[in-house]
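# Structure at a glance
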Amino acid sequence: MATKIELSRIGRFIQSAIIFAYAIPRCQIIWSTDKIFTLVLMIISGVAVFSGLFIIYASLCFFTTEGLEFLNIFTDGGREFGKYPFSIYGEGVLKLFTYIIPLALFQYYPFLYLIGKTQDIHYMFAPFLAFLFLIPCLLLWKIGLRHYKSTGS
C-alpha cells in the first residue's frame, strides 16, 4: 500500500491549509452562518466530486490493461481550471464543468454567493447537486465489478 506515496500531495495539502488559514480572516467577506455553511459545503462536495473522478478512473481499469492518463485532465486539469473563474473560459466550458464534470457546482457558483456577486440562495446550495455525480460513478464501479475477469495468475 505504501509503494506509491506521493509526497507532493502532502505538500499541496499543507500549502493549501496555510493559504486557507491566512486568507479567510483577510478576504473582506462578512462571515455569517449561511456563508460558513456554504464554505464547508464547498469543501465537502469538492471531496465528493474528486472522489467520484477517482472512482471513474479505478472503474475504467476493469476494462483496460493500462492506466488511463487522460483522466488526469479532469483531476489535475480541474484543479488548474479552478484557479480562475469558470466564466472566463466561455459558455461551453462552463456548461461542461456544470453538467458533465460538476466542478463549477462546488467552486464557481457558491463562490459567487460568498463574495456577494449574487444573492441567489440557489447558488449557496449548488454544492448539494455535486453529490449527484457520485451516482453514475458508483454505477460504473458496480458494472466494472460485475464484468471483471481475472487473468488467472
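Structural notes, computed from the coordinates.

### Quick notes on the nonpolar core
Generally speaking, soluble globular proteins have nonpolar side chains that are buried together. Residues Phe86, Leu103, Ala104, Tyr108, Tyr109 and Phe133 are the most contacted members of the largest nonpolar core, which totals 19 residues. Listing elements by their share of this core, those giving two or more residues are helix H2 (33–60), helix H4 (91–100), helix H5 (103–106), helix H6 (108–114) and helix H7 (121–130). Of all the elements, H5 adds the most residues to this core, at four residues. Those residues in contact with tyrosine 108, other than ones at most four positions away along the chain, are Pro85, Phe86, Ser87, Leu94 and Leu103.

### Topic: helix H1 (residues 7–26)
Under the 1.5 Å per step criterion, the end-to-end length of H1 is 29 Å for 20 residues, consistent within 8% with the ideal 28 Å. Downstream of H1 by one or two residues, glutamine 28 has phi in the positive range, about 65 degrees.

### As for H7
Within the span of H7, buried status applies to Met124, Ala126, Pro127 and Ala130. Along the axis of H7, the buried residues cluster in a sector spanning 135 degrees; they form a single face. Where the residues of H7 are buried, they touch H2, H5, H6 and helix H8 (134–147).

### Some thoughts on the packing of H2 against H8
Contact geometry for H2 and H8: axes closest at 9 Å, N-to-C directions at 20 degrees. One finds that H2 runs roughly parallel with respect to H8. When the axes of H2 and H8 are compared, the crossing they make is left-handed. Judged by residue contacts, Ala48, Gly52, Ile55, Ile56, Ala58, Ser59 and Leu60 of H2 engage Leu134, Cys137, Leu138, Leu140 and Trp141 from H8.

Calculation criteria
Residues numbered from 1 in each chain as written. Predicted model: local features only at pLDDT ≥ 70, side-chain atom pairs only at ≥ 80, totals over all residues. Heavy atoms only, no water. Core = buried A, V, L, I, M, F, W, Y, C linked by side-chain atoms within 4.5 Å. Buried < 20%, exposed > 50% of the residue type's maximum accessible area, 1.4 Å probe, protein only. Helix = DSSP H or I, 4+ residues; strand = E, 2+ residues; numbered from the N terminus. Contact = heavy atoms within 4.5 Å. Expected span 1.5 Å × (residues − 1). Arc of directions from axis to C-beta. Axes fitted to C-alpha atoms, helices over the stretch in contact; angles between N-to-C directions. Parallel < 35°, antiparallel > 145°, perpendicular 65-115°, else oblique. Left-handed = near helix turned anticlockwise from the far one by under 90°.

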